[in-house]
Amino acid sequence: MSVRHAVGKFRGGFLSTPTQPAAVSDWKAKSHQDQELVKGLGLTSATMLVMGSMIGSGIFIVSAEIAREVDSPALLIGAWLVAGFMTIVAALSYGELAAMMPHAGGQYVYLREALGPLWGFLYGWTLFLVIQTGTIAAVGVAFGKFLGVFFPAISSSRWLLHLWKVPPIRIGPMVLGNMDVGINTQNLVAVLLVVFLSVVNIFGLKTGAFIQNVFTAAKVSALLALAFFGLALGRNAQALAANFGGHFWHNAGLSAQHAVQVGVGGPIVMVGTLTILAVAQVGSLFSADAWNNVTFTAGEVKNPSRNLPLSLALGTGVVIALYIACNFVYISVLPLDGIPNGATILERGIKFASEERVGTAVMTQMLGSLGGYLMAAAIMISGFGCNNGLILSGARVYYAMAKDGLFFRSVARLHPTYKTPAVSLMVQMVWTCVLCISGSYGQLLDYIIFAVLVFYILTIVGLFVLRRTRPDAPRPYRAFGYPVLPAIYIGMALFIDVVLLRYKPQFTWPGLIVVLLGIPVYYAWSKTAEAK
């Protein structure tokens, strides 16, 4: 197979794969798969799925790393504003595609129709191998970690079966390996959580949606409470003096220089403000990710032409507003700067919060030890609801791929009674549990943020492609701000990816390799499907 055929080619100015059978390029011909599914998600449930999939543990943790990178209260808020703007613009753009093609698989379908089946497969391949399953594993382990606050026996150091300590393997700017393989009490909790939610989601869409609605309402309420009480009652004079009082814009000018280490153990270089904001997006964009999961369940959404765009806009808007409010709370309660070995929470500040648990540090500072327990409970509720949404929606992508002959055929089977993709849920569960036990999920998530952005860029490029190639297709909703806002998103995302390639190669090249490995798998699977 030539490189030209492997990576696709430019045709009429747009990327496409070399062969696109008529049956695959017509999404209406594929809509038979949705007739098997039960339409059980209304606007409320769809919006809850958007919010519940977005809110995990990231908002309570990643601000510490962002603060160390940007070294400025204004730029800490700026990093979240950039992530928020990009997330909402992308969601508004996806709304048009979702209303046009309200079918199971969502983003996989959009890439398949706009750029060809290879691109849809590469997305589904990466989603299954790393993005969705790695996130589920990481959230599950975080659930176990915070359950350990209440039950100290649950710990990553309490091994039930330690199989192997993988030594660190240095490859250029990357360090692979360096992880423990086996079962400890912490990742056992993660495995049990994944198994429980996967089985529960077999018993009908409404069961999964009910769990999602309850836990999303709980964690949105917790974030609202944190924002309200933090801004109204938790403000600390020392933090306000350090972060405001003439210091808010410290180091935030366009001419300011920021130190960045290139790769793992690489040289320290000085970069500008725009570049450091791009580097900081690794944390903020990842914390705001998974909003697109509702598109995976499009075949089960009632009145999808209306409810999908609305749920994307409402869900992302509410969550981003909460995220920004929470970061204002952080800088109102704790000083940005701190000492790594500080004796008190205030001395450590946001930058060096214990184990990077900024949310826990803020609540403990406001309410004492009770605050720490409340935050641990809130993060557990958040993780439970987040994983339910990720498990529910991810299985729909592999189901759609199997319908196209690009995944194991058995994955296309629905449960005879509950009409849920039961086999897909089980396959996803098994691989996720492997990642939990392997200890590799953390590295995989670091590696994949670059690839996640690439697929967002390609999908929004697909919006432009379909406007050109299918101008007469029904569009119940048209992307707000088209073509300006989608074009701005593409430009910003490309800039972030280029910056990450240059300054954070340990986060980029492995993710790119995972994606490219899917190319020969696609052609092998396609030939097998044709032979059958």
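Structural notes, computed from the coordinates.

### Comments concerning the overall build of the chain
Okay, step 1: Along the chain, the regular secondary structure elements total 21 helices and six strands.
Okay, step 2: A compact globule built from 532 residues should have a C-alpha radius of gyration of about 24 Å, and the chain, at 23 Å, falls within 12% of that.
Okay, step 3: The principal-axis extent of the C-alpha atoms belonging to the chain is close to 65 × 50 × 45 Å.
Okay, step 4: Across the 532 residues that make up the chain, the buried fraction comes to 59%.

### With respect to empty space enclosed by the protein
Which parts of space are left empty comes out when a probe the size of a water molecule is rolled across the atoms.
Okay, step 1: If you walk through the whole model with that rule in mind, you get two cavities of 30 Å³ or more.
Okay, step 2: Each pocket or cavity is described by its volume, and for the largest cavity that value is around 80 Å³.
Okay, step 3: Met86, Thr87, Ala90, Leu285, Ala288, Asp289, Trp291, Ile449, Val452, Leu453, Tyr456 and Tyr489 are the residues that line the largest cavity.
Okay, step 4: If you list the elements that add at least two residues to the lining of the largest cavity, you get helix 6 (73-100) and helix 19 (441-469).
Okay, step 5: The leading source of residues in the lining of the largest cavity is helix 19, at four residues.
Okay, step 6: Tallied by class, residues from the lining of the largest cavity come to 10 nonpolar, one polar and one charged.
Okay, step 7: Here the second largest cavity defines a volume of roughly 40 Å³.
Okay, step 8: Lining the second largest cavity, in full, are Leu41, Ser45, Leu49, Ala209, Gln212, Asn213 and Leu392.
Okay, step 9: Put simply, the parts of the chain that give the lining of the second largest cavity at least two residues each are helix 4 (43-54) and helix 10 (205-232).
Okay, step 10: Looking at which element gives the most residues to the lining of the second largest cavity, the answer is helix 10, with three residues.
Okay, step 11: For the lining of the second largest cavity, the per-class residue count stands at four nonpolar, three polar and no charged.

About the criteria used
Residues numbered from 1 in each chain as written. Predicted model: local features only at pLDDT ≥ 70, side-chain atom pairs only at ≥ 80, totals over all residues. Heavy atoms only, no water. Helix = DSSP H or I, 4+ residues; strand = E, 2+ residues; numbered from the N terminus. Rg over C-alpha atoms; globule rule 2.2 N^0.38 Å. Buried < 20%, exposed > 50% of the residue type's maximum accessible area, 1.4 Å probe, protein only. 1 Å grid on protein atoms, 1.4 Å probe; cavity = no way out; pocket = protein on both sides within 12 Å on 5 of 7 lines; lining within 4 Å. Points joined across faces, edges and corners; volume = space filled by probe spheres on them. Nonpolar A, V, L, I, M, F, W, Y, C, P; charged D, E, K, R; others polar.

By themselves these figures say nothing about function.
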